[in-house]
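Notes for the structure review
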Amino acid sequence: MLLCLMWAAVTLAAVAAPRAGMKNVYLHAEGTKTSAELAATCTNGVPASKQHPAGYPINDYTVVTPAANWTSYAVKKEWYDRHLISGPHYMAFTHTSDPYGAFKCQYTCNAATNCNSYFVSYEDIGTGTEHLSCVLFDAILGPVEFEPSTDNIGAGGYDKLCQS
């Protein structure tokens, strides 16, 4: 009985330790990721609805835009390829409807397993085939993950907010 109580105490201490302010330690073995390689799955910030109020509720995501002031931009190819879940998902919205397309894209992300961010852009601008592109990712986007583009209008990345 005493042995069982000691085992329970040690187990509880090991489980509670990370919550008590101890750092998580990740062991690196071939085929596993170190803590530096683990992608963030949520962020803290202001809900998109409060960043750019437009009447469409996007309360579980925050808007991420490039560090530079670009109108046409895309996600860097290396990051895109490493974190892509699915997409592009095309929707028949034009840039004049923004942010309605981003509002609708959040539902695509919410329905996908492990979707932690999405990127919205408008393609074929000014043509009869202009449309929204919605791409889903398994990690949050940072402002440095964008690069200039010449054939779209970027509407932003949307990172999942951590729930309190």
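Residues numbered from 1 in each chain as written. Predicted model: local features only at pLDDT ≥ 70, side-chain atom pairs only at ≥ 80, totals over all residues. Heavy atoms only, no water.

Turning to the pattern of salt bridges, a few remarks are in order. By the definition in use, this model includes 2 salt bridges. With a closest N to O distance of 3.2 Å, E78 and R82 form a salt bridge. One end of the pair, E78, and the other, R82, are both in helix α3 (residues 77-83), 4 residues apart, so they sit about a helical turn from each other. Assessed through its relative accessible area of 48%, R82 is described here as partly exposed. (Salt bridge = Lys/Arg side-chain N within 4 Å of Asp/Glu carboxyl O. Helix = DSSP H or I, 4+ residues; strand = E, 2+ residues; numbered from the N terminus. Buried < 20%, exposed > 50% of the residue type's maximum accessible area, 1.4 Å probe, protein only.)

Let us look at the state of the cysteines. All told, the structure shown has 3 disulfides when counted by the stated rule. Here the chain pairs its bonded cysteines, counted in sequence order, in the arrangement 1-6, 2-5, 3-4. (Disulfide = S-S within 2.5 Å.)

Burial of strand β4 (residues 117-123) is extensive: 6 of the 7 residues sit out of reach of the surface. One ladder, built from 7 bridges, connects β4 with strand β5 (residues 131-137); its direction is antiparallel. Across the sheet, Y118 pairs through a bridge with L136, a residue of β5. (Pairing = 2+ DSSP bridges.)

General note: in soluble globular proteins, nonpolar side chains tend to be found buried as a group. Among the nonpolar cores identified, the biggest contains 18 residues, and I58, Y118, V120 and Y158 are the most heavily contacted of them. Counting only elements with at least two residues in this core, the list comes to β1 (61-64), α4 (100-111), β4, β5 and β7 (152-160). The biggest single contributor to this core is α4, with 4 residues. Residues contacting V120, with those up to four places away along its chain left out, are A102, C105, L132, S133, G154, A155, G156 and Y158. Membership of the second largest hydrophobic core comes to 10 residues, among which are V64, Y73, A139 and L141. (Core = buried A, V, L, I, M, F, W, Y, C linked by side-chain atoms within 4.5 Å. Contact = heavy atoms within 4.5 Å.)

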